[in-house]
Each structure stands twice: as structure tokens, then as C-alpha cells.
Amino acid sequence: MSKVQESIDVDVPVGTAYNQWTQFEDFPKFMEGVEEITQLDARHNHWKTKIAGVSREFDTEIVDQVADDHVAWRTTSGDVKQTGMVRFEPIDATRTRVLMEMDFQPGGMAEKAADMMGVLDRQVKGDLKRFKHFIEERGTATGGYRGQL
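Everything numeric in this text was worked out from a predicted model, so none of it was measured. (Residues numbered from 1 in each chain as written. Predicted model: local features only at pLDDT ≥ 70, side-chain atom pairs only at ≥ 80, totals over all residues. Heavy atoms only, no water.)

**Digging into the packing of aromatic side chains**
The geometry of an aromatic ring pair comes down to the distance between the two centres and the angle between the two planes.
Next up, step 1: All chains considered together, the criterion is met by eleven aromatic pairs.
Next up, step 2: Judged by centre distance (5.7 Å) and plane angle (40°), the rings of phenylalanine 30 and phenylalanine 134 are tilted. In this pair, phenylalanine 30 is assigned in the loop between helix 1 (14-21) and strand 2 (34-39) and phenylalanine 134 in helix 3 (residues 119-138), connecting sequence segments 104 residues apart. Here phenylalanine 30 and phenylalanine 134 have matching classes, each one buried.
Next up, step 3: Taken together, the ring pairs connect Tyr18, Trp21, Phe24, Phe27, Phe30, Trp47, Phe58, Phe88, Phe131 and Phe134 into an aromatic cluster. (Phe/Tyr/Trp six-rings, centres within 6.5 Å; stacked < 30°, edge-to-face > 60°. Helix = DSSP H or I, 4+ residues; strand = E, 2+ residues; numbered from the N terminus. Buried < 20%, exposed > 50% of the residue type's maximum accessible area, 1.4 Å probe, protein only.)

**Re the side chain of threonine 96**
Next up, step 1: The topology assignment puts threonine 96 in strand 7 (residues 95-104).
Next up, step 2: Within polar-contact distance, the side chain of threonine 96 engages the backbone oxygen of valine 12 at 2.8 Å.
Next up, step 3: Residue contacts for threonine 96: discarding those within four places in its chain leaves Ile8, Asp9, Val10, Val12, Pro13, Val14, Ala17, Phe88, Glu89, Pro90 and Ile91. (Polar contact = N/O pair within 3.5 Å; in protein donor to acceptor, adjacent residues only side chain to side chain. Contact = heavy atoms within 4.5 Å.)

**Remarks on the sheet that holds strand 1 (residues 2-10)**
Next up, step 1: Spatially, seven strands are ordered 1-7-6-5-4-3-2 in an open sheet, and the strand pairing comes out antiparallel. Each edge of the sheet is formed by a strand with only one pairing partner; in this case those strands are strand 1 and strand 2. Geometrically, the sheet is characterised by an average inter-axis angle of 20° between neighbouring strands, direction not taken into account.
Next up, step 2: Here nine bridges tie strand 1 to strand 7, and the two strands are oriented antiparallel to one another. From the neighbouring strand, serine 2 faces strand 7, where its bridge partner is phenylalanine 104.
Next up, step 3: Contacts between helix 1 and the sheet are confined to strand 1, strand 4 (54-66), strand 5 (70-78), strand 6 (82-92) and strand 7, with strand 6 contributing the most and set at about 160° to the helix. (Pairing = 2+ DSSP bridges. Axes fitted to C-alpha atoms, helices over the stretch in contact; angles between N-to-C directions.)

And the structure:
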């Protein structure tokens, strides 16, 4: 297993950052390589990705979710094997630190080589920067899930 840890500070309140992150179907707007996410129910999503010319489909399950605090997930099907958590820490009333942590199992020689070269680290860092731009430009979330799983 390999691990990725990245964080970014966003200039929106914790509730706004958290609410936007729970809008999984909006991920393609700021996550490179994510073509589509279909939310199947409160816990399950189906992902379609294309990274470095390789298309993949897989399902994820939200295993723990607390409003304004964190969302944790794991893959349940497909070639992608990962677990992760995104945490939201208020810096003050108008700023939030978003922390992403993922554990993943690279499959095949290409993914193992990409992992050794830090490709996923850079991708996650870029996705967080695009999330920052997306949410700060909007100033409000496109929706939000306030339940707890």
C-alpha cells in the first residue's frame, strides 16, 4: 500500500467546504481524470475515470461521515483499491483547512512506476488546488449533505 497526504487552506467557512465536498457528482469539475460520478445512494458512488489514457470504473462506499468534520471511504469493486479520508478543520470563521489522506494499492507496472514518481501525490495536490479555486470562486456550495453515516 502507498499513502498520499495533502492539505490546502480555503477561504470559505468549514460548513461551505464540507457541503461542497459532499456533492460527489460535482467532482469532475475540479478533479483531473474523473469523468463521471453517479451517486447511487447516501453511501455508494460509481466512478468513471481516465488517467494517463487508462479508463477505469469502480464503486466506493462512504464508511464514516460527520458533518463539518470528515468523510471516509473505501473502494468496493473494480481494479482500483483504496481507502481514504478528507478532513475539514476550521482555521477561523471564514477559512478551512482541507486535509486529504489516501491509501492505495497500485496495480500493474505502469501504476507502480507512476507511484514511485509521485504522480498521485501531484494529482491530489492539483485536485485540492482546483477545489480551492472552485469553492472560493463560487463562495457557496452547490448543495450539501448534513447527515451522519
